[in-house]
Amino acid sequence: MAQLEVQGLTKAYSGVSVLKNVSLSVDEGEFVCLLGPSGCGKTTLLRIICGIDRPSQGHLFFDGSEITHLPPQRRRFGVVFQSYALFPNLTAEQNVRYGLQSLKGPQQRERAQEMLALVGLEAYGERFPAQLSGGQQQRVALARALAPQPALLLLDEPLSALDAKVREGLRHEIVAIQRRLGIPTIMVTHDQEEALEMADRVVLMDNGEIAQEDSPLNLYRAPTSRFSAGFVGRVNLISAVIEEEGLRIGPTLWPAHPSWSAPSDVGASVTLAVRPQQISIFPEGSSLPLVDFADDAVVLPGRVTHVRFAGASWGFEVQCGALNQVLRVEQMNTGQATAPWGTDSRVLLAIPHAALLPVPASPSL
Amino acid sequence: MRSPVGFALSTLDRQVQWLVAALLLGLGLLFVFSPLAWLLVRSVYSPEGDFVGLAQFARYLDTPSLQDSLARSLRLSAVAACITSLLAFGFAFSLCMTAMPGKRLFRGVALIPLMSPSLLMAISLVYWFGNQGALKSWMGTGTIYGELGIVLGSILWTFPHALMILMTSLATQDGRLAEAARTLGAGPWRIFLTITLPQCRYGLLMSFVLVFVLVITDFGVAKVIGGQANVLATDLYRQVIGQQNFSMGAVVGVFLLLPAFGAFFLERYFRARQSAALTARAVIAQPSESRMLALVATLFCSVLGLVFIAMIGMAIVAAFVSFWPYNLSPTLKHFQFDDMDGGGWETYWNSLQMAGGAAVIGAVAAFFSAWVVEKSRIGQGMRESLNLMATLPMAIPGLALGLGYILFFNGPYQPLQFLYGSLSILVFCTVVHFFSTAHLTMLASLKQLDKEFEHVSETLGHSFLRTLFSVTIPMSLPAIFEVAGYFFVNALTTVSAVVFLYAPETQLASVAVLNMDDAGDVAPAAAMAVLIFFTAAGGRLLFGLFSHFVLSRTQQWRQR
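Residues numbered from 1 in each chain as written. Chains lettered and ligands numbered in written order. Predicted model: local features only at pLDDT ≥ 70, side-chain atom pairs only at ≥ 80, totals over all residues.

Draft legend 1. Summary view of the overall build of chain A. Regarding its fold elements, chain A presents 9 helices and 20 strands. Each principal axis of the C-alpha distribution contributes one length, and for chain A these read about 80 × 50 × 35 Å. A burial count over chain A gives 37% of its 365 residues as buried. Counted over contacts in chain A with a minimum sequence separation of 6, partners at least 24 positions apart contribute 65%. (Helix = DSSP H or I, 4+ residues; strand = E, 2+ residues; numbered from the N terminus. Buried ≥ 20, exposed ≤ 12 C-beta atoms within 10 Å, placed from the backbone. Contact = placed C-beta atoms within 7 Å.)

As structure tokens, this is what we get:
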């Protein structure tokens, strides 16, 4: 059952729409990520949900009752801010106790200790925020938000100010705490890896609207728009024309494949997306593609124009004469001493049919 | 590789930087350090010139009437500092944190006292509540002459100083903390107590300290409205002008130096603490949208604003009516200063010349002192000495500075004695008196310019000096004009530092206000004070316009 219901939310600042008719729901115990580029409206949406900003239009419901006009102090939502906003003149414990006004002194202390222990900082209660590291400050902010037993947890880019290593550790920790408490959570992030790893459901936003809303796996596997395909992971976009017997890609007609549940209008153009790591490379003149993929792959000749070393993987840009475009290809680095393909190598690219995903031209579903 | 030409230029650069620094430091030694040293030395010598150690301090502390004024000074300054800081905090809060309408107007009205001598407020109080006052009935059986008048007058003229400190303090609050508190269930009152107020604590302390020092070292208000209530500053004036006892004057001067020095170090400490608390990512706090709060704020600020308007308004009325309160027909006779004791139009022209000189010399000196401290690459020791010398005047009350000038420039074996009694010494004394604020303003402005400009120019083969004239000075012009305007206004309104230093032919308008009031010509004193007010306001406007003109011509880089 949905706990939080956002209906038709619109926000405009002096005539400019930041949010356009956004609707969203969060179920019990669910971890939802709002993902999108900067300026897409995700932080504004979060600020409206926690009550700091007010919507121009639309309604918010929590547990069935309307909260659109409820001030933030009466919503009982816990918020962790991007900058943490820890009170610099209070100790870590006093920060955690700030939201526990309704409890008596000893109970406050007990609850604050419990929360600090939850985030692994029971020994740091007496420290001031300036005496804590970035990651520790982040945990205190989380403990402070969770202490009053909020009905909903809101996280605004909680990890963006931290070093890459600390960030990865905290991802697990936040998810583990969220699972343990079973508290419905919304997290804003611009980091797709973070969203894919942590969320039950990702809400991808673009330009004040929801572009796609799905499980991380589906979002990655089946983007429903060019924007989704391009924003989540890297992607090559290939144009094709629908014909009776299949798809025409470049000069060649490829037989129909079950995964292409493409629109049936014969003669229409479609865009196909393919991930760089799903393309295989073979030497020119090789018959291996036919062996490996039987007939289930599109095979195209090409010339390597650029080689990129990225540690765990190799990246190649391959000029494909038949498509008149450059395709990006990625291969795992298996420990070779030199790049498997040098610049100007003539190669064959094999794209499995199942990897070619039709993408609608417009973001609407 | 550096070319030999580049090398030669860079040596020349270094020499010029050294020269400017040495010149400024020399002037500082002469016009800041030496008078101060002479004051301290004189306080341990008897009037006959014998070394007596701390005997005069002991005698001072043993004299009941002087003990009395010391205690009164401390008490009144503390009371005025508390009340002014509280009122100014309310005003600053209304301006920064509420949805009150007409904020620019309120701010402008609150800055009125900056443009008038402190005496004006006291004279107006006399016209409102004095023996012939319009609202004398409000006083009941009490009297405005005395401690009450000193406190009220002090609150009125120090108000804008406190207001500016507290507005800065509120404007640099981190708005995200209040947002976080709201999501944790805190209401407006709890947010104010636990978030807003703690963030302002340094601002409030600084405001208290500043007002305390301003009041304890000011003697204009006490002189006009103090009646029988003596304070340290009037003691000093009487010792020097009345009894010509410079040694005892020096002792009182040292007593005035103590709180000012304490404030100087406290301020430095607080400034460091406050800037450390403010992170680069802070977000400006949003004003509350509450209509109720805006209404309360408007009422509060209107009452205070009306008081300021009533003060300046009464001075204007007093200047233009025949004989308050018996004959209210309009007249210009109070402006015939030449017929008054201790007045004369000459004093006004003297003031204009002196203020103009202080504006030009002060702005140039402040720019170069800040430039040497911030931009030059001569030794650190030299730069720090100059910085200390430039901020030292903040710790010297005007009266003590003026007395130091008499003792030093009128002392024996003084080759510069020809300066004594000239208009120039008034200019130098005034520049020194107000130098610290100007220096710090210039420093803040230069700090905004990228340090790497000099490096860039140098790697492009330009000399340091060429960067100074082609980049640094043009970009600093707005700040230079602001500083010049600051010197101009303060030179017109100041009394304390120059009151010992003028000769009959170099008397200033602000001193004429004091002397005419002393001689019983209160209406002409009010007239002169009003004239100073309008001149200062006009001067400020003129500097503003000039700065605007220069801005539009040379500051196109500021537009995006």
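Draft legend 2. Broad picture of helix α13 (residues 291-320) of chain B. In a regular helix each residue adds 1.5 Å, so 30 residues correspond to 44 Å; α13(B) covers 42 Å between its end C-alpha atoms and thus fits that length. For α13(B), the complete set of buried residues consists of B:Ala297, B:Cys301, B:Leu304, B:Gly305, B:Phe308, B:Met311, B:Ile312, B:Met314, B:Ala315, B:Ala318 and B:Ala319. (Expected span 1.5 Å × (residues − 1).)

Draft legend 3. Representation of the interface of chain A and chain B within the structure. Facing 17 residues of chain A, the contacting portion of chain B comprises 15 residues. In terms of residue class, the side of chain A that touches chain B is built from 11 nonpolar, 5 polar and 1 charged. (Nonpolar A, V, L, I, M, F, W, Y, C, P; charged D, E, K, R; others polar.)

Draft legend 4. The environment of B:Ser351, seen in detail. All names here are of chain B. Relative to the elements of secondary structure, Ser-351 occurs in helix α14 (residues 345-374). C-beta crowding within 10 Å serves as the criterion here: with 26 such atoms nearby, Ser-351 is assigned to the buried category. With 159 residues separating them in the primary sequence, Ser-351 and Ser-510 have C-alpha atoms 7.9 Å apart. The contact partners of Ser-351, leaving out residues within four places of it in the chain, are Leu-492, Leu-508, Ala-509 and Ser-510.

Draft legend 5. Seen up close, the sheet that holds strand β13 (residues 252-255) of chain A. All names here are of chain A. One open sheet holds the 5 strands; their spatial order is β13-β12-β11-β14-β20, and the pairing between them is antiparallel. The sheet is open, and its two borders are formed by β13 and β20 (357-359), each paired with just one other strand. Across the sheet, the axes of successive neighbouring strands diverge by a mean angle of 45°, strand direction being ignored. Sheet analysis places strand β11 (residues 236-243) next to strand β14 (residues 269-274), joined by 6 bridges and oriented antiparallel. (Pairing = 2+ DSSP bridges. Axes fitted to C-alpha atoms, helices over the stretch in contact; angles between N-to-C directions.)

Draft legend 6. Just the packing of helix α4 (residues 103-110) of chain B against α13(B), in detail. Residue and element names in this part refer to chain B. In the contact formed by α4 and α13, the axes pass within 9 Å of each other and the chain directions differ by 40°. By the angle between their directions, the pair α4 and α13 is classed as oblique. Two packed elements cross with a definite hand, and for α4 against α13 that hand is left-handed. For the pair formed by α4 and α13, the contact residues are Phe-106, Val-109 and Ala-110 on the first element and Cys-301, Gly-305, Phe-308 and Ile-309 on the second. Each residue belonging to the contact of α4 with α13 can be placed in one class, and the counts come to 6 nonpolar, 1 polar and no charged. (Parallel < 35°, antiparallel > 145°, perpendicular 65-115°, else oblique. Left-handed = near helix turned anticlockwise from the far one by under 90°.)

Draft legend 7. View of the confidence of the model for chain A. Mean pLDDT over chain A works out to 87, with 95% of the residues at or above the 70 mark. Across chain A, the secondary-structure element scoring lowest on mean pLDDT is helix α9 (residues 288-293) of chain A, at 71, and the one scoring highest is strand β3 (residues 31-35) of chain A, at 96. (pLDDT = per-residue confidence, 0-100.)

Draft legend 8. Summary view of helix α16 (residues 398-409) of chain B. All names here are of chain B. Across its 12 residues, α16 extends 16 Å between first and last C-alpha, which sits within 8% of the 16 Å expected from 1.5 Å per residue. With 12 of 12 residues buried, α16 is to be regarded as a mostly interior element. Taken together, the buried positions of α16 are occupied by Gly-398, Leu-399, Ala-400, Leu-401, Gly-402, Leu-403, Gly-404, Tyr-405, Ile-406, Leu-407, Phe-408 and Phe-409.

Draft legend 9. Representation of the sheet that holds strand β1 (residues 2-13) of chain A. Residues and elements named next belong to chain A. The strand order β2-β1-β4-β5 describes an open sheet built from 4 strands, whose pairing is antiparallel. At either end of the open sheet lies a strand with only one pairing partner, and these are β2 (16-27) and β5 (65-66). As paired elements, β1 and strand β4 (residues 57-62) share 5 bridges and run antiparallel to each other. Following the sheet pairing, Val-6 is matched in β4 by Leu-60. The strands that helix α1 (residues 42-50) touches are β1, β2 and β4; relative to β1, the one it contacts most, it runs at about 120°.

Draft legend 10. Molecular detail of the pairing of strand β19 (residues 346-352) of chain A. All names here are of chain A. Judged from the 4 bridges that link them, strand β15 (residues 280-283) and β19 form a sheet pairing that is antiparallel. Note that in β19 the partner of Pro-283 across the bridge is Val-347. Here 7 bridges tie strand β16 (residues 297-309) to β19, and the two strands are oriented antiparallel to one another. The residue bridging Pro-301 from the neighbouring strand is Leu-348, located in β19.

Draft legend 11. Fine view of the packing of helix α6 (residues 147-171) of chain B against helix α9 (residues 201-217) of chain B. All names here are of chain B. Following both chains from N to C, one finds α6 and α9 inclined at 155°, their axes separated by 9 Å at the closest point. Relative to α9, the element α6 is oriented roughly antiparallel. Like other packed secondary-structure pairs, α6 and α9 cross with a definite hand, here right-handed. Where α6 approaches α9, its residues Ser-154, Thr-158, His-161, Ala-162, Ile-165, Leu-166, Thr-168 and Ser-169 are matched on the opposing element by Tyr-202, Gly-203, Met-206, Ser-207, Leu-210, Val-211, Leu-214 and Val-215. Its residues placed into classes, the contact of α6 with α9 shows 9 nonpolar, 7 polar and no charged.

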